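Residue strings, one per chain:
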Amino acid sequence: MSSSETIRNIYLSLHAAYGNRDWWPAVDGFEVIVGAILTQNTNWKNVEKAIKNLKTADVMTPIKLHELPREQLAELIRPAGYYNIKAARLKNLLDWMVENYSAGMESISALPDWQLREELLAVKGVGPETADSIMLYAFNRPIFVVDAYTARVFGRHMLIDEYADYHQIQELVQSSIEPDLKIYNEFHALIVEVGKNHCKPRPKCQGCPLEHLPHQVEEV
Ligand code: SF4
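For clarity, every value in this text was computed on a predicted model and none was experimentally measured.

Moving on to helix H11 (residues 166-176). Looking at H11, one finds that the buried residues are Tyr166, Ile169, Gln170, Leu172, Val173 and Ser176. Across the axial projection of H11, the buried residues extend over an arc of 155°, all falling on one side. In this fold, the buried residues of H11 make contact with helix H1 (3-18), helix H8 (113-121), helix H9 (128-138), helix H10 (148-156) and helix H12 (181-197). The N-cap of H11, judged by a side-chain oxygen 3.2 Å from the amide nitrogen of histidine 167 a few residues on, is aspartate 165.

The next subject is the pattern of salt bridges. Taken as a whole and judged by the stated rule, the model has eight salt bridges. The residue lysine 182 makes a salt bridge to aspartate 22 at a minimum N-O spacing of 3.4 Å. Taken as a pair, lysine 182 in helix H12 and aspartate 22 in the loop between H1 and helix H2 (29-38) lie far apart in primary sequence, 160 residues in all. Residue classification places aspartate 22 among the exposed residues on the basis of a relative accessible area of 53%. Close ionic contact of arginine 117 with aspartate 132 constitutes a salt bridge, the shortest N to O distance being 2.7 Å. With a gap of 15 residues between them, arginine 117 in helix H8 and aspartate 132 in helix H9 connect regions that are remote in the sequence. Judged by relative accessible area, which is 16%, arginine 117 ranks as buried. When its relative accessible area of 0% is taken as the criterion, aspartate 132 is described as buried.

For the rest of this paragraph, the subject is the UniProt feature "domain: HhH-GPD" (unreviewed entry) in the protein. The feature "domain: HhH-GPD" (unreviewed entry), as annotated in UniProt, sits at residues 38-197 in this numbering. Helix makes up 68% of residues 38-197 and strand 0%, whereas the separation of the span's terminal C-alpha atoms amounts to 22 Å.

Centre distance and the angle of the planes are the two values used to describe a pair of aromatic rings. In the structure shown here, the tally under the stated rule is eight aromatic pairs. Taking 5.3 Å as the distance between ring centres and 75° as the angle between the ring planes, the aromatic pair formed by tyrosine 11 and phenylalanine 187 counts as edge-to-face. Of this pair, tyrosine 11 sits in helix H1 while phenylalanine 187 sits in helix H12, and the two are 176 residues apart along the sequence. The same class applies to tyrosine 11 as to phenylalanine 187, namely buried. Pairing tryptophan 96 with tyrosine 101 gives two aromatic rings, centres 5.7 Å apart and planes at 70°, and the pair type is edge-to-face. Each member of the pair, tryptophan 96 as well as tyrosine 101, carries the same accessibility label: buried. Three or more aromatic residues joined by ring pairs make a cluster, and in this case those are Tyr11, Phe144, Tyr184 and Phe187.

Moving on to the environment of glutamate 211. On the secondary structure map, glutamate 211 appears in the segment after H12. Of the polar contacts made by the side chain of glutamate 211, one reaches the backbone nitrogen of glycine 207; its length is 3.0 Å.

Let us look at the domain arrangement of the protein. Here the protein is partitioned into domain 1 (3-22 + 145-197) and domain 2 (29-138). Carbon and sulfur atoms supply 62% of the area buried between domain 1 and domain 2, which totals about 720 Å² over both sides. The tally of links from domain 1 across to domain 2 stands at zero salt bridges. Where domain 1 meets domain 2, there are four residue pairs in polar contact (both at pLDDT 80 or more). Counting only elements with at least two residues in the side of domain 1 that touches domain 2, the list comes to H11 and H12. Top element by residues in the side of domain 1 that touches domain 2 is H12. It accounts for five residues. Taken together, the residues of the side of domain 1 that touches domain 2 sort by class into six nonpolar, four polar and one charged.

Going from tryptophan 23 to tryptophan 24, the amide bond is cis rather than trans, its omega being 5°. If you check the backbone angles, asparagine 41 has positive phi at about 60° while not being a glycine. Take asparagine 41: it is sitting in the loop between H2 and helix H3 (44-56). Given the relative accessible area of 64%, asparagine 41 is considered exposed.

So, how was this worked out
- Residues numbered from 1 in each chain as written.
- Predicted model: local features only at pLDDT ≥ 70, side-chain atom pairs only at ≥ 80, totals over all residues.
- Heavy atoms only, no water.
- Buried < 20%, exposed > 50% of the residue type's maximum accessible area, 1.4 Å probe, protein only.
- Helix = DSSP H or I, 4+ residues; strand = E, 2+ residues; numbered from the N terminus.
- Arc of directions from axis to C-beta.
- Contact = heavy atoms within 4.5 Å.
- Polar contact = N/O pair within 3.5 Å; in protein donor to acceptor, adjacent residues only side chain to side chain.
- Salt bridge = Lys/Arg side-chain N within 4 Å of Asp/Glu carboxyl O.
- UniProt positions renumbered as here; feature names shortened; annotations may be inferred.
- Phe/Tyr/Trp six-rings, centres within 6.5 Å; stacked < 30°, edge-to-face > 60°.
- Domains from an automatic or database assignment.
- Buried area = accessible area lost by both parts, 1.4 Å probe.
- Nonpolar A, V, L, I, M, F, W, Y, C, P; charged D, E, K, R; others polar.

Right, here's the structure in full:
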């Protein structure tokens, strides 16, 4: 089986097992942007608490968050962990939105893919995974998001070696599955699901939806 066939097989097997994940769990694109920063190095439950705090404080708009002093923002997002760093990163993103686009999601939506990605990556604290999560889930661009689970699953299924970087893994998927918003949206979420349930540091291959595909796990 070629790498491309294996990638497509992984997608189909995960989708058959878990169904549509319907990500991202947010009410609108701006909430996705905030969540993409808050979810760095923490689980989603903590992000939900932080977002709830922002909503309760009635500051969940680009302008209100931009005007909020950084210390107050940090306090409100404390449940998400690394709250001082994340407050600074959110502020950087908000500066970009407000100073360049008057906080208008529509104006940002009009940017071509390459420019949107380039501008997001130029914001301090926004790396490829965060930028692509925002591209895919906030602005509906068919871009595959790579995360640590993707690298682990693909590594164990011998699709990549240990030196593969973000772009190589992304290219592997994007050259195996034609750009498709719905499939890329689901595929990332499905990989997170199998990573949380089975492909942990100590893998639980028995009963895993990908157990039937060739894989090799390291001794832990
Ligand atoms: S747990 Fe095992 S079968 Fe499942 S994705 Fe990881 S390596 Fe593959």
